[in-house]
Amino acid sequence: MFIIDRFEGDWAIVETEDRHTFNLPRFIIPPGIKEGDVINIQVGIDLFATNERVKKSNRMVGDLFDE
């Protein structure tokens, strides 16, 4: 659980249950969220996107060393 403490420019200041604060870029906060709102952030791995990035990176490395 995270609480939106306040907004400062392009940043959302977020507070945890144990009263630690950290900054999140405001653009990743859903529209309509306001100070005092409680949000849940679920972290998940997008396996497809991860695999695509690995493939692209491997191609770039291969291109770098191919003649």
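Read on for a plain summary of the structure. Computed from a predicted structure; not experimentally measured.

Some thoughts on the overall build of the chain
Phase 1: Assigned secondary structure in the chain consists of 1 helix and 4 strands.
Phase 2: Traced from its N-terminal end to its C-terminal end, the chain shows the element sequence β-β-β-β-α.
Phase 3: Relative to the globule expectation of 11 Å for 67 residues, the C-alpha radius of gyration of the chain, 18 Å, shows a markedly less compact shape.
Phase 4: By its C-alpha atoms, the chain is 55 × 25 × 25 Å across when sized along the principal axes.
Phase 5: Counting every atom, the chain has about 5900 Å² of accessible surface; 54% of that belongs to carbon and sulfur.

Quick look at the packing of aromatic side chains
Phase 1: Applying the stated rule across the entire model yields 1 aromatic pair.
Phase 2: A ring pair is formed by phenylalanine 2 and phenylalanine 22, whose centres lie 5.5 Å apart and whose planes are at 85°; its orientation type is edge-to-face. Of the two residues, phenylalanine 2 is situated in strand 1 (residues 2-8) and phenylalanine 22 in strand 3 (residues 21-25); the sequence distance between them amounts to 20 residues.
Phase 3: Under the relative-accessibility criterion, phenylalanine 22 is labelled partly exposed at 27%.
Phase 4: Positioned above the aromatic ring of phenylalanine 7 is the side chain of arginine 26, whose terminal nitrogen or guanidinium carbon lies 3.9 Å from the ring centre.

Observations regarding the nonpolar core
In a soluble, globular protein the nonpolar side chains are often hidden away together inside.
Phase 1: Of all hydrophobic cores here, the largest spans 7 residues; its members are Ile4, Phe7, Ala12, Val14, Leu24, Ile29 and Ile39.
Phase 2: For this core, the elements supplying multiple residues, two or more each, are strand 1 and strand 2 (11-16).
Phase 3: Beyond its immediate stretch of four places on either side in the chain, valine 14 contacts Phe2, Ile3, Ile4, Asp5, His20, Thr21, Phe22 and Leu24.

Brief notes about the sheet that holds strand 4 (residues 38-39)
Phase 1: The sheet built from 4 strands is open, its strands ordered 3-2-1-4 with antiparallel pairing. On the outer flanks of this sheet lie strand 3 and strand 4, each paired with one strand and no other.
Phase 2: Bridge count between strand 1 and strand 4: 2 bridges; the pairing is antiparallel. Bridge assignment links phenylalanine 2 to a residue of strand 4, and that residue is isoleucine 39.

Reading the values: the criteria
Sequence order sets the numbering: in each chain, residues are counted from 1 along the sequence as written. Thresholds applied to this predicted model are a pLDDT of at least 70 for local features of residues and 80 or more for the giving and counting of side-chain atom pairs; totals over whole chains, interfaces and linings are not thresholded and use all residues. Side-chain metrics rest on all non-hydrogen atoms present in the structure, leaving aside hydrogens and water. Labels follow the DSSP assignment, with helices taken as runs of H or I lasting at least four residues and strands as runs of E lasting at least two, numbered in each case from the N terminus. Radius of gyration: over C-alpha atoms. The globule rule applied is 2.2 Å multiplied by the number of residues raised to the 0.38 power. For every accessible area listed, the method is Shrake-Rupley and the probe measures 1.4 Å; residues are considered covered only by the protein chains on display. Only Phe, Tyr and Trp rings are paired, with Trp represented by its six-membered ring, and only when their centres lie within 6.5 Å; those with planes under 30 degrees apart are stacked, over 60 edge-to-face, the remainder tilted. Exposure classes here rest on a 1.4 Å probe applied to the protein chains alone. A residue is buried below 20% of its type maximum, exposed above 50%, and partly exposed in between. We count a charge as sitting over a ring when the NZ of a lysine or the CZ of an arginine lies within 6 Å of the ring centre and within 35 degrees of the ring normal. Side-chain atoms within 4.5 Å are what join buried Ala, Val, Leu, Ile, Met, Phe, Trp, Tyr and Cys residues into a set we call a nonpolar core. Any two residues whose heavy atoms approach within 4.5 Å at even a single point are treated as in contact. Here the rule is simple: two strands pair whenever DSSP picks up at least two bridges between them.

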